[in-house]
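Single-letter residue listing:
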Amino acid sequence: MSDTTGQNASKRRIRWIGAVIVVGGAVAGGVIGALARDGDDRPAAIVVAAVDRGAVTLDVATTGTIEPATTRSLTFTVAGTVEAVQVRPGNRVVKGQKLAVLDDTEAIDDLNDARTGLAEAENRLAAARTVAVRATASATTCARPGRTAEPAEVPTVQVGGAQAPAVEGRAATPCPTRGYPDTGSDQVLTAQQQVNRAARAVEAAQKALDATTITAPIAGTVVAVEGEVGDRVRSGSTFISLADTYAMQVRAAFPEADAGALTAGQTATISLADSDDVYGAEVVQVDPVGTSDGTLVRFGVLLAFADSPADLLVGQSAQVMVRTGEVADVLRVPSTAVHDVSGGSGTVLVRAADRPEERVVTVGLRGDRYTEITGGLEQGDQVVRSW
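These figures come from a predicted structure and were not determined experimentally. (Residues numbered from 1 in each chain as written. Predicted model: local features only at pLDDT ≥ 70, side-chain atom pairs only at ≥ 80, totals over all residues. Heavy atoms only, no water.)

**Student:** Describe the layout of surface pockets, with residues and values.
**Tutor:** Here the second largest pocket defines a volume of roughly 220 Å³. Around the second largest pocket sit 14 residues that line it, and Ala-79, Gly-80, Asp-103, Glu-106 and Ala-107 are the ones nearest its centre. Listing elements by their share of the lining of the second largest pocket, those giving two or more residues are strand S4 (80-85) and helix H2 (105-142). No other element matches H2, which puts four residues into the lining of the second largest pocket. A class-by-class count of the residues in the lining of the second largest pocket yields five nonpolar, four polar and five charged. (1 Å grid on protein atoms, 1.4 Å probe; cavity = no way out; pocket = protein on both sides within 12 Å on 5 of 7 lines; lining within 4 Å. Points joined across faces, edges and corners; volume = space filled by probe spheres on them. Helix = DSSP H or I, 4+ residues; strand = E, 2+ residues; numbered from the N terminus. Nonpolar A, V, L, I, M, F, W, Y, C, P; charged D, E, K, R; others polar.)

Now the structure itself:
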């Protein structure tokens, strides 16, 4: 091929590429022009949303952890040796179920002794009342002219295999005074006080016997057992930890930027890890003091399930979303259409007859998807979604 022929081929390729560029530019220009004009062949903004009426909501979200609403620390209120442990961590129990027992031999002996003492005190009280009734009757008889009292019979009780006077006293002889004989002390009162002390001793012994057994005060799940059979335990030391897993809650931590909008009673939703189910919930507590990790301050929040799902696991992770603001049936636009929001006002780009027009509007609640418009727009106005 000659140089002249090669140069001609190169010129033809250049002319062909130029033609392609020109045609492509013309097509692109046509597309752009079409997008920039409406049906009346006038310039128009690219409208993507119209002002309408509806709800505006604002939510804040974080992660949390499932925990029991109530945890009880169960103790033996007496010291002793563990005789039986009938549960282990993870067991579900019902209210009143027996969980652990101490050796109760000594406690049973103490209760029997106390009951014997009470029976003896009641016998002495009965005898004292009999003497008092007879003495009063004799004194009343003596009070009549020309009468003398009959000797009073002193009742006895069995003590140590022998009969002994139930109370100190003396037979009524010719009465020196009218009315109840002056014996120097009230034997009935003394005997009644002894009965009262003996009854309290029985009550204390019964409580000590009952304290040798731990029973479940609520239905729940055993989360810890602090001993085993044969251990010597002290009075008041925690032996079993029981969680009310039938009323679970979620503990979460929100950054301070979100926590300021949180308050008890707000509605929320909870979704569990590896599950698409969403459960209703309510904020029940917001910690008044935050904690810092050196970078961010967070505030603890407790949320209660509206209807706790079954088989929740203590320590299970959950996604939490709390609704902090909501208005219904208001003028709204997509939040991405509102810019430069400050002091209750912002700027939107509104479609006009000839070209888009910036307009200052007043805003209310700025939600996750929509922003409430309280002035500057009418229903049906068209705005640019993002600019």
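Having seen it, we continue.
**Student:** Quick one: what's the story with the nonpolar core, residue by residue and with numbers?
**Tutor:** Note that soluble globular proteins tend to have their nonpolar side chains buried in a common cluster. With 21 residues, the main nonpolar core has Ile-66, Val-250, Phe-254, Ile-270, Leu-303, Val-320 and Val-322 as its most contacted residues. Of all the secondary structure elements, the ones that give two or more residues to this core are strand S2 (52-68), strand S13 (248-255), strand S14 (267-272), strand S15 (278-286), strand S17 (297-305) and strand S18 (317-334). Residue contacts for Ile-270: discarding those within four places in its chain leaves Val-250, Asp-277, Val-278, Tyr-279, Ala-281, Leu-303, Phe-305, Ala-318 and Gln-319. Core analysis: the second largest hydrophobic core is formed by 18 residues, Phe-76, Val-78, Val-82 and Ala-216 among them. (Core = buried A, V, L, I, M, F, W, Y, C linked by side-chain atoms within 4.5 Å. Buried < 20%, exposed > 50% of the residue type's maximum accessible area, 1.4 Å probe, protein only. Contact = heavy atoms within 4.5 Å.)

**Student:** Summarise the packing of aromatic side chains; cite the residues concerned and give the values.
**Tutor:** Geometrically, a pair of aromatic rings is defined through the distance of the ring centres and the angle of the planes. Inspection of the entire model under this criterion finds two aromatic pairs. For the ring pair Phe-76 and Phe-239, a centre distance of 5.3 Å and an interplane angle of 55° mean the geometry is tilted. Pair noted here: Phe-76 is in the loop between strand S3 (71-75) and S4 and Phe-239 is in strand S12 (residues 238-243), with a separation of 163 residues, a long-range link. Taking the relative accessible area as the measure of exposure, Phe-76 reaches 1% and is therefore buried. A relative accessible area of 3% places Phe-239 in the buried class. Ring centres 6.2 Å apart and planes at 80° place the aromatic pair Tyr-279 and Phe-305 in the edge-to-face group. (Phe/Tyr/Trp six-rings, centres within 6.5 Å; stacked < 30°, edge-to-face > 60°.)

**Student:** I'd like a description of helix H3 (residues 187-210), backed by residues and values.
**Tutor:** With 24 residues, H3 extends 35 Å between its outermost C-alpha atoms, agreeing within 8% with the 34 Å of an ideal straight helix rising 1.5 Å per residue. Along H3, the positions that sit buried rather than exposed are Ala-191, Val-195, Ala-198, Val-202, Ala-205 and Leu-209. Where H3 starts, the residue carrying a side-chain oxygen 3.1 Å from the main-chain nitrogen of Val-188 turns out to be Asp-186. (Expected span 1.5 Å × (residues − 1). Polar contact = N/O pair within 3.5 Å; in protein donor to acceptor, adjacent residues only side chain to side chain.)

**Student:** Tell me what's going on with the confidence of the model for the protein chain, and back it up with residues and numbers.
**Tutor:** With 76% of its residues at a pLDDT of 70 or more, the protein chain shows a mean pLDDT of 81. The least confident element of the protein chain is helix H1 (residues 3-35), whose mean pLDDT is 42; the most confident is strand S22 (residues 370-375), at 96. When the criterion is pLDDT under 50, residues 16-45 qualifies, and its contacts beyond four places in sequence or with other chains add up to 17 contacts. Predicted confidence is poor over residues 176-182, with pLDDT under 50, and the contacts of this stretch with residues over four places away or in other chains come to nine contacts. (pLDDT = per-residue confidence, 0-100.)

**Student:** Can you explain the sheet that holds strand S9 (residues 213-215)? Please cite residues and give values.
**Tutor:** Strand order in the open sheet formed by four strands is S9-S6-S4-S11, with antiparallel pairing between adjacent strands. Bordering the open sheet on either side are S9 and strand S11 (232-233), each of which pairs with just one other strand. Strand direction decides the pairing type here: S4 and strand S6 (residues 98-102), joined by three bridges, are antiparallel. Each bridged residue has a counterpart across the sheet, and for Ala-84 the counterpart in S6 is Val-101. (Pairing = 2+ DSSP bridges.)

**Student:** Mind laying out the pairing of strand S19 (residues 339-342), listing which residues take part and the relevant values?
**Tutor:** Where S19 lies against strand S20 (residues 345-350), two bridges are found, and the strand directions are antiparallel. Paired with His-339 across the strands is Thr-347, a residue of S20. Hairpin connection of S19 to S20: two residues between the antiparallel strands, including Gly-343 at a positive phi of 60°.

**Student:** Any chance you could break down the sheet that holds S3 for me, citing the residues and the numbers?
**Tutor:** Pairing within the open sheet is antiparallel, and its four strands lie in the order S3-S12-S10-S5. Strand pairing shows two members of the sheet lacking a second neighbour, S3 and strand S5 (92-93), which therefore form its edges.

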